[in-house]
Amino acid sequence: MAGIGLDAEKDSKVLSFETKCREGEAQTLSLVVQGKKVTYRGPADMRSLLESRGENTLYANVRINGEVLNRRDFENIPIAEGDEIDILYFMGGGIVQPD
Amino acid sequence: MFNLTEEEIQRYARHIILPEVGGAGQEKLKQARVLVVGAGGLGSPVLLYLTAAGGGKIGLIEDDVVDITNLQRQVLHFTPDLGRHKAESAEETMKKINPLVEIDVYKERLTKDNIFPLLEKYDIVVDGVDNFPTRYLLNDACVMKRKRRVEGGILRFMGLIMTIDGGSSACYRCVFEEPPPPGTVPSCAEAGILGAVAGVVGTLQATEVLKLITGVGKPLYNRMLQFDAEELSFHEVKAQRNPKCPVCGENPTIT
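Residues numbered from 1 in each chain as written. Chains lettered and ligands numbered in written order. Predicted model: local features only at pLDDT ≥ 70, side-chain atom pairs only at ≥ 80, totals over all residues. Heavy atoms only, no water.

Considering the overall build of chain A
For chain A, the helix and strand inventory stands at two helices and five strands. A buried classification covers 41% of the 99 residues belonging to chain A. Across chain A, contacts joining residues at least 24 apart in sequence account for 52% of those joining residues at least 6 apart. Looking at chain A as shown, the accessible area adds up to about 5100 Å², and 50% of this sits on carbon and sulfur atoms. (Helix = DSSP H or I, 4+ residues; strand = E, 2+ residues; numbered from the N terminus. Buried < 20%, exposed > 50% of the residue type's maximum accessible area, 1.4 Å probe, protein only. Contact = heavy atoms within 4.5 Å. Areas by Shrake-Rupley, 256 points an atom, 1.4 Å probe, with all protein chains shown as cover.)

The structure is reproduced here in structure tokens:
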């Protein structure tokens, strides 16, 4: 897994997020993310939301309004006003694969 | 009265004085049979507290040796243990803490071939594994054998805890249906882990085991607790059994 926590990766995420916003897709949504009320401004898809929060989208499942989505195509998951979103992180421990 | 010796009554006095535990609870601990998978970051605090608490019979399965990079968080092992088998090192520490506890040591990796006979010997399982294939193997086998299991995971500054009543409450696959593809989730070796986070999560796992054994309180069933050390916050996510779960759903594909 390359680039975890590297500034370069974060910067590129922020950049792509800002680019999308400039393209006029931005919406303002009131959401509940990880149990906290937040006001989010950006494109109304899960990937944009995760990226705006600096989340590493590769190792999480998301749960929207009680439903766990076992999928990684976050750009195709729409988000809407009032959505309650939990980010469920995969945490495996020491090694990726046993020998 | 209770089937406890004078030494046990003294050793466990601070448990016994708790009305919710009492002599009856301590006796349940003495009768308990718990399997801890892994004697690493999570397994260390789990094994330390279960041993100290007088958890009757503790099984410990581990196939690795103590490496210098382990010592920052795997508090069961000490510097002179470098290069030793972790199972041996763990057993030695545990015996020093409490010689009254019976310890079964398995110097092997948990596999589909040894898991079922092993599970038969224990009532509660604690997950302190270091990889996804073993984590899913353990989940599936515990659901099939209807074992209670305390799941834990750690990465960087985060931790996750979930208690599962196999076949009754939401299982790991109800939340994380399939293992992530190799390489998509970094390991602690790659992404790092704040040592004390392992202590927090492992100690919570031990707390859940002690609760399960004594019947105190409400287990973390159908709930997943995420710990964020950076914010020092806990976030609880409700987990429901997934009817489409491949192992505990209506039409399981893993049997």
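Things to note about the nonpolar core
Core analysis: the largest hydrophobic core is formed by 79 residues, its most contacted members being Met 46 of chain A together with Val 34 and Phe 176 of chain B. Among the elements that make up this core, the one with the highest residue count is helix α10 (residues 195-214) of chain B (seven residues). Beyond its immediate sequence surroundings of up to four residues, Val 34 of chain B is in contact with Leu 50, Lys 57, Ile 58, Gly 59, Tyr 122, Ile 124, Val 126, Val 209 and Ile 213 of chain B. Core analysis: the second largest hydrophobic core is formed by 14 residues, Val 37, Ile 61, Leu 110 and Leu 118 of chain B among them. (Core = buried A, V, L, I, M, F, W, Y, C linked by side-chain atoms within 4.5 Å.)

Concerning the side chain of Arg 173 of chain B
All names here are of chain B. As for its position among the elements, Arg 173 is in helix α8 (residues 172-175). A polar atom in the side chain of Arg 173 sits 2.8 Å from the side chain of Asp 140. Once you skip the residues sitting within four places of it in the chain, Arg 173 turns out to touch Tyr 136, Asn 139, Asp 140, Glu 178, Pro 179, Cys 245, Pro 246, Val 247 and Ile 254. (Polar contact = N/O pair within 3.5 Å; in protein donor to acceptor, adjacent residues only side chain to side chain.)

Comments concerning the interface of chain A and chain B
Each partner contributes residues to the interface: chain A has 25 residues there, and chain B has 38 residues. Contact between chain A and chain B buries roughly 2800 Å² in total, counting both sides, with carbon and sulfur atoms accounting for 60%. Taken together, the connections running from chain A to chain B amount to zero salt bridges. Applying the counting rule to chain A against chain B returns seven residue pairs in polar contact (both at pLDDT 80 or more). If one sorts the elements of the side of chain A that touches chain B by residue count, strand β5 (residues 84-89) of chain A sits on top with four residues. By residue class, the composition of the side of chain A that touches chain B is 13 nonpolar, nine polar and three charged. (Buried area = accessible area lost by both parts, 1.4 Å probe. Salt bridge = Lys/Arg side-chain N within 4 Å of Asp/Glu carboxyl O. Nonpolar A, V, L, I, M, F, W, Y, C, P; charged D, E, K, R; others polar.)

So, the sheet that holds strand β2 (residues 36-42) of chain A
Residue and element names in this part refer to chain A. Pairing is mixed across the open sheet formed by five strands, whose spatial order is β2-β1-β5-β3-β4. Two strands lie at the open edges of the sheet, namely β2 and β4 (67-69), each paired on one side alone. If you compare each strand with its neighbour and ignore which way they point, the axes differ by 35° on average. In this structure, strand β3 (residues 60-64) lies alongside β4, joined through three bridges in antiparallel fashion. Bridge assignment links Ile 64 to a residue of β4, and that residue is Glu 67. (Pairing = 2+ DSSP bridges. Axes fitted to C-alpha atoms, helices over the stretch in contact; angles between N-to-C directions.)

Considering unusual backbone geometry
You will see that Asn 65 of chain A, though not glycine, has its phi angle at about 45°, which is positive. Counting through the fold element by element, Asn 65 of chain A comes out in the loop between β3 and β4.

Brief notes about the confidence of the model for chain A
Mean pLDDT over chain A works out to 77, with 66% of the residues at or above the 70 mark. Confidence drops under pLDDT 50 across residues 1-8 of chain A; counting only partners more than four residues distant or on other chains, this segment forms 14 contacts. (pLDDT = per-residue confidence, 0-100.)

Some points on the environment of Asn 114 of chain B
Residue and element names in this part refer to chain B. The residue Asn 114 is located in the loop between β3 (102-106) and α6 (115-120) in this model. Once residues within four sequence positions are removed from consideration, Asn 114 is found in contact with Ile 61, Glu 108 and Arg 109. A distance of 2.7 Å separates the side chain of Asn 114 from the backbone nitrogen of Thr 111, its partner in a polar contact.

A word on the pairing of strand β8 (residues 233-238) of chain B
Residue and element names in this part refer to chain B. Bridge analysis of strand β7 (residues 223-228) against β8 gives six bridges, and the strand direction is antiparallel. Residue pairing for β8: Phe 227 is matched across the bridge by Phe 234. Here β7 hands over to β8 after four residues, with Leu 232 in that stretch at a positive phi of 45°.

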